[in-house]
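Secondary and tertiary structure notes
The primary structure of each chain is shown beneath.
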Amino acid sequence: GDDTPDVHPYVTYPRENAQSGLAMLKAARAYLKSSHRLTGRLPLFITGYSEGGAYALQAGHMMQDNPRYASDLDVNLRTVVPLSGFFDVSGTGLPYLFDNISASHNDWFSLNPTESALSKPYLSAYLALSFAHYSDIKPTDILADKFYKCPSLYSQCGKSKTLSGLYFDVSQ
């Protein structure tokens, strides 16, 4: 996010969040055993996207450092694949924003090209606001004032009544 004074929980608590994921795996294994009689050691592929990528990587490290995880979960860790999020601006964000996704042209494997198209204005505004914040410039130096300011009746824009309030104000 765009909150520099506070450290994000995935930086502070990666072990706890990874353990939560492994606990879900344990619950899933118990369900599969009781409901579908699925037993025996299974291959495990861990992946996560954006914040989940950090958790996936941490879970993989924990399983490598402590073989008891694999033993207790009755799995063989095969691979861990952490993936980047929209913050990978040059490799992911900008190509996605400027690519015309459709049913016949879908390099992004979008399940719904219409929803992908509708997400682009929001992602563009988020990108512009983040750039303004980290570059220490006013958002209206990048965005038109009429676009940046929310309509007066729109309460979701927080106290500032701007897109910054919409995206980043916690207490609305």
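Remember, predicted model here, so these are calculated numbers, not experimental data. (Residues numbered from 1 in each chain as written. Predicted model: local features only at pLDDT ≥ 70, side-chain atom pairs only at ≥ 80, totals over all residues. Heavy atoms only, no water.)

**Details of the overall build of the chain**
Heads up, the condition is: Helix and strand definitions follow DSSP, with helices as H or I runs of at least four residues and strands as E runs of at least two, each counted in order from the N terminus. Exposure categories follow from relative accessible area, calculated using a 1.4 Å probe and restricted to protein chains: below 20% of the type maximum is buried, above 50% is exposed, and the middle band is partly exposed. Any two residues whose heavy atoms approach within 4.5 Å are treated as being in contact. In short, Shrake-Rupley with a 1.4 Å probe defines the accessible areas, and a residue's cover is counted only from the protein chains shown.
When you go through the chain residue by residue, the secondary structure sums to eight helices and two strands. Helices (α) and strands (β) of the chain occur, in sequence order from the N terminus, as α-α-β-α-α-β-α-α-α-α. Of all 172 residues assigned to the chain, the portion counted as buried reaches 27%. Partitioning the intrachain contacts of the chain with sequence separation of at least 6 by distance along the chain shows that 51% fall at a separation of at least 24. For the chain, the computed accessible surface area is about 11,800 Å², with 58% contributed by carbon and sulfur atoms.

**Here we look at the confidence of the model for the chain**
Selection rule: Predictor confidence is given residue by residue as pLDDT, running from a minimum of 0 to a maximum of 100.
Per-residue confidence for the chain averages 83 on the pLDDT scale, and 87% of its residues sit at or above 70. Considering each helix and strand of the chain separately, the mean pLDDT is smallest for helix 1 (residues 9-12), with a value of 62, and largest for helix 4 (residues 68-73), with 93.

**A short note on the packing of aromatic side chains**
Here the distance between the centres and the angle between the planes together describe a pair of aromatic rings. Where we set the bar: Pairing of aromatic rings covers Phe, Tyr and the six-membered ring of Trp, with a centre-to-centre limit of 6.5 Å; geometry is then stacked below 30 degrees between planes, edge-to-face above 60, and tilted otherwise. Here, over-ring charges are defined by two tests on the NZ atom of lysine or the CZ atom of arginine: distance to the ring centre within 6 Å, and angle to the ring normal within 35 degrees.
Tallied over the full model, the rule gives zero aromatic pairs. Its guanidinium or amino end placed over the ring of Y96, K120 lies 5.0 Å from that ring's centre, counting from NZ or CZ.

**A closer look at unusual backbone geometry**
Despite not being glycine, R37 has its phi angle at roughly 50°, a positive value. Note on placement: R37 falls in the loop between helix 2 (14-36) and strand 1 (42-49). Look at R37 and you get exposed, because its relative accessible area is 74%. Positive phi values are uncommon outside glycine, yet D74 reaches one of about 60°. Relative to the elements of secondary structure, D74 occurs in the loop between helix 4 and strand 2 (75-83). By relative accessible area, which is 27% here, D74 ends up partly exposed.

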